[in-house]
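As a plain string of letters, each chain reads:
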Amino acid sequence: MRLQPSEVEAIYRREAGRVLATLIRLLGDFELAQDARQDAFAVALDRWPRDGLPDNPRAWLVEVGRNKALDQKRRAQVFKDKVLPLEKASTGEATEEGEDADAAFGDDRLRLIFTCCHPALNPEVQVALTLRAVCGLSTEAVARAFLVAEDAMAQRLVRAQRKIREAGIPYEIPEPPLLDERMQSVLAVIYSVFTEGYSVTSGERLISAELCLEAIRLGRLMDALLPQRPDVLGLLALMLLHDARREARLTATGDIVLLEHQDPALWDEQQIEEGLVLVEQALSAPGRVSAYAVQAAIAALHIRAPREGRTDWPQIAALYEVLLRLQPTPVVELNRAVAVSMVDGPEKALPLVDSLAARGGFKDYHLLHVVRADLLRRLDRREEALAAYRAALDSARTDPERRFLERRLAEL
Amino acid sequence: MQYMLLIYQKEAQAADLDKDAMGKVYQEYQALTEDLKKRGQLVSNHGLKPTSMATTIKVRDGKTLTTDGPFVETREQLGGYFVVEAADLDEAIGIAERIPSARWGTVEIRPVWA
């Protein structure tokens, strides 16, 4: 079977994350593994179109990459003591096929995510590194997600990888007492990947499905590693429920559709069912109440609204109350104000939003203006609503957001 | 890998401890040192006399400039160190957590050039 370079590229993209994770395990070095993967891809681009696709492309890439890295080390003769044990180590599951191999590769990615999310790295770098190394995004794509120049991001990633190597950040899944604590930073990173995908912070496209799916995949990996944990179940449920509405959130031309106007026929029913079951499990699992589970419960109430013919706003408001205690952030406060407006009316919610605005630190946050504008519109305070929509428009970061706000302005 | 664990704390705070409390902390340090020795993880460790005893020098154009006091005045001062052998950063963090001063001061973990 002859392959086009574009087909090779597609296969590489699909396998890049797993190949890297396994190479890191085998080589014990982040940078070396990245170079090795690059080399393996170059060889694949050369050979696959000529010789056809190997039986197991992933194992092939791992094997070629590993050999390239060992060659390089042998030539350099610098890490003599490190090469010898490596040569003896068998690639083991890397060359096996089928389910077992998949499970082993999964393990490698988990180890890698714990490395990338180590608290000795600063949180922003943790997310960037996970996107680059575990999800296989290009440095350019990661840079775009963080709104920084590609050079700057490349430098940040290189520095982080150097710290992993030089400071001896382990490449393994931590043991129990440490595991709990480390899980939290891993979950936070996974959620950041998801939210980045769900509301891309700049540019033309509002949703990047790929990032969402990648985050859900990582969530499933965590759930497989640590089953029946309220935080993992909660996060997975939250992501599934949000993502289930992906198709309905934008029109064919890329415009925002508000929840109440979405067509439930476009929702992914299967994913919703899975999410709803997980929410129940998350809320009943032993252990501390998880903020993720509470957020998932809120998402579940929204998603069940069309079936039940009404949205259970009182319960949503109550859940935001709980969430605010677990996570006292301005965003939660703002969402709670929205829920209050649905239960007690916009006049009760407006002071909450104004007090939030008065405390500052929220100035360029367009959501605050949007909520405020909406409350004022519902209160028939037209002039003030117009001003608030204009303020929101000024701070909107994506084109669909801007178009949505322009529509609202035109309606007023 | 070898890591240096640099122990920073407020010198004034240490001076305020009464004799009993001081004795207890000293015992804890002793116990940690013994345990690390037993495991073969201790390379070296020392407590340092206060920064008021410090002398700082630099050589410029072949001339030595000597000043009284530490390199920089900081809120917390370097009060001692451990150099330990650990498999990775997590193990080093595990040791650093057991340093009594970590409970009121700060421990900086620095990998040592191999």
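Residues numbered from 1 in each chain as written. Chains lettered and ligands numbered in written order. Predicted model: local features only at pLDDT ≥ 70, side-chain atom pairs only at ≥ 80, totals over all residues.

**Here we look at the overall build of chain A**
Worth spelling out the cut-off: A run of H or I in DSSP becomes a helix once it reaches four residues, and a run of E becomes a strand once it reaches two; helices and strands are each numbered from the N terminus. Backbone-placed C-beta atoms define the burial measure: a residue is buried with 20 or more other C-beta atoms within 10 Å of its own, exposed with 12 or fewer, and partly exposed in between. By definition, residues are in contact whenever their C-beta atoms, placed on the basis of the backbone, come within 7 Å of each other.
Within chain A, the regular secondary structure consists of 20 helices and zero strands. For chain A, the residues scored as buried account for 40% of the 412 residues in total. Relative to all contacts within chain A whose residues are 6 or more apart in sequence, the contacts with residues 24 or more apart total 61%.

**Remarks on the overall build of chain B**
A count of helices and strands for chain B gives three helices and six strands. Within chain B, buried positions represent 12% of all 114 residues. Long-range pairs, those at least 24 residues apart, make up 75% of the contacts in chain B with a sequence separation of at least 6.

**Structural notes on the pairing of strand E2 (residues 42-47) of chain B**
All names here are of chain B. Note the threshold: Two strands are said to pair when DSSP picks up at least two bridges between them.
For E2, a buried count of zero out of six residues is recorded, marking the element as mostly open to its surroundings. Two strands pair when backbone bridges link them, and E2 and strand E5 (residues 77-85) are joined in this way by five bridges, in the antiparallel orientation. Bridge pairing in E5 places His46 opposite Tyr81.

**Thoughts on the sheet that holds strand E6 (residues 106-111) of chain B**
Residue and element names in this part refer to chain B. How we decide: Comment: axis = line fitted to C-alpha atoms, over the contacting stretch for helices; angle = value between 0 and 180 degrees taken between N-to-C directions.
Strand order in this open sheet of four strands is E2-E5-E1-E6, and the pairing throughout is antiparallel. Here the strands that pair on one side only, and so sit at the sheet edges, are E2 and E6. Sheet twist, expressed as the average angle between the axes of neighbouring strands with direction ignored, equals 20°. Here eight bridges tie strand E1 (residues 2-9) to E5, and the two strands are oriented antiparallel to one another. Counted as the bridge partner of Gln2 is Glu85 from E5. Lying over the sheet, helix H3 (residues 89-97) contacts E1, E5 and E6, oriented at roughly 150° with respect to E6.

**Notes on the packing of helix H6 (residues 123-134) of chain A against helix H9 (residues 176-198) of chain A**
All names here are of chain A. Which entries qualify depends on this criterion: When describing relative orientation, an angle under 35 degrees is termed roughly parallel and one over 145 degrees roughly antiparallel, while 65 to 115 degrees is termed roughly perpendicular and anything else oblique. A clockwise turn of the near helix away from the far one marks a right-handed crossing, whereas an anticlockwise turn of less than a right angle marks a left-handed crossing. Gly falls in the polar group here, along with every residue not listed as nonpolar (Ala, Val, Leu, Ile, Met, Phe, Trp, Tyr, Cys, Pro) or charged (Asp, Glu, Lys, Arg).
Direction vectors running N to C along H6 and H9 enclose 70°, while the axes themselves pass 9 Å from each other. When the axis of H6 is compared with that of H9, the two are roughly perpendicular. Remark: the crossing between H6 and H9 carries right-handed chirality. When H6 is examined against H9, the residues Gln126, Val127, Thr130 and Leu131 are found in contact with a partner set consisting of Ser185, Val189, Ser192 and Val193. Looking at the contact of H6 with H9 residue by residue, the class counts come to four nonpolar, four polar and no charged.

**Details of the interface of chain B and chain A**
Note on interface size: it is often stated as the accessible area lost on association of the parts. Every contact between the two is made by five residues of chain B and, on the other side, eight residues of chain A. Of the residues contributing to the side of chain B that touches chain A, the split by class is three nonpolar, no polar and two charged.

**Things to note about H6 of chain A**
Residues and elements named next belong to chain A. Which entries qualify depends on this criterion: Each helix should span, by expectation, one fewer than its residue count multiplied by 1.5 Å.
For H6, which comprises twelve residues, the first-to-last C-alpha distance of 16 Å matches the rise-based estimate of 16 Å (1.5 Å per residue) to within 8%. Of all twelve residues making up H6, ten are buried, and the element is well covered by its neighbours. All buried positions along H6 are accounted for by Val125, Gln126, Val127, Ala128, Leu129, Thr130, Leu131, Arg132, Ala133 and Val134. In the stretch just after H6, Gly136 is the one whose phi turns positive, near 75°.

**What about the confidence of the model for chain A?**
Quick reminder of the rule: On a range of 0 to 100, pLDDT expresses the predictor's confidence in each residue.
The pLDDT averaged across chain A works out to 84; a share of 89% of its residues lies at or above 70. Segment residues 87-102 of chain A: pLDDT under 50, and 18 contacts once partners within four positions in sequence are set aside and those in other chains are kept.

**A word on the packing of helix H14 (residues 291-308) of chain A against helix H15 (residues 313-326) of chain A**
All names here are of chain A. It is the contact of H14 with H15, at a shortest axis distance of 10 Å, that shows an interaxial angle of 165°. Comparing their axes, H15 and H14 come out roughly antiparallel. The two elements H14 and H15 cross, and the hand of that crossing is left-handed. The segment H14 lies against H15, with Ala291, Val294, Gln295, Ala297, Ile298 and Leu301 engaging Gln315, Ile316, Leu319, Tyr320, Val322, Leu323 and Leu326.

**Looking at the nonpolar core**
Residue and element names in this part refer to chain A. How we decide: Each nonpolar core consists of buried Ala, Val, Leu, Ile, Met, Phe, Trp, Tyr and Cys residues. Their C-beta atoms, within 7 Å, join them into a set. For each domain, the first and last residues come from an automatic or database assignment.
With 124 residues, the main nonpolar core has Ile190, Ala237, Leu241 and Ala296 as its most contacted residues. Counting the residues that make up this core, at least three belong to each of domain 1 (1-98) and domain 2 (312-412). With near-sequence residues (within four places) excluded, Ile190 lies in contact with Ala215, Leu218, Gly219 and Leu235.

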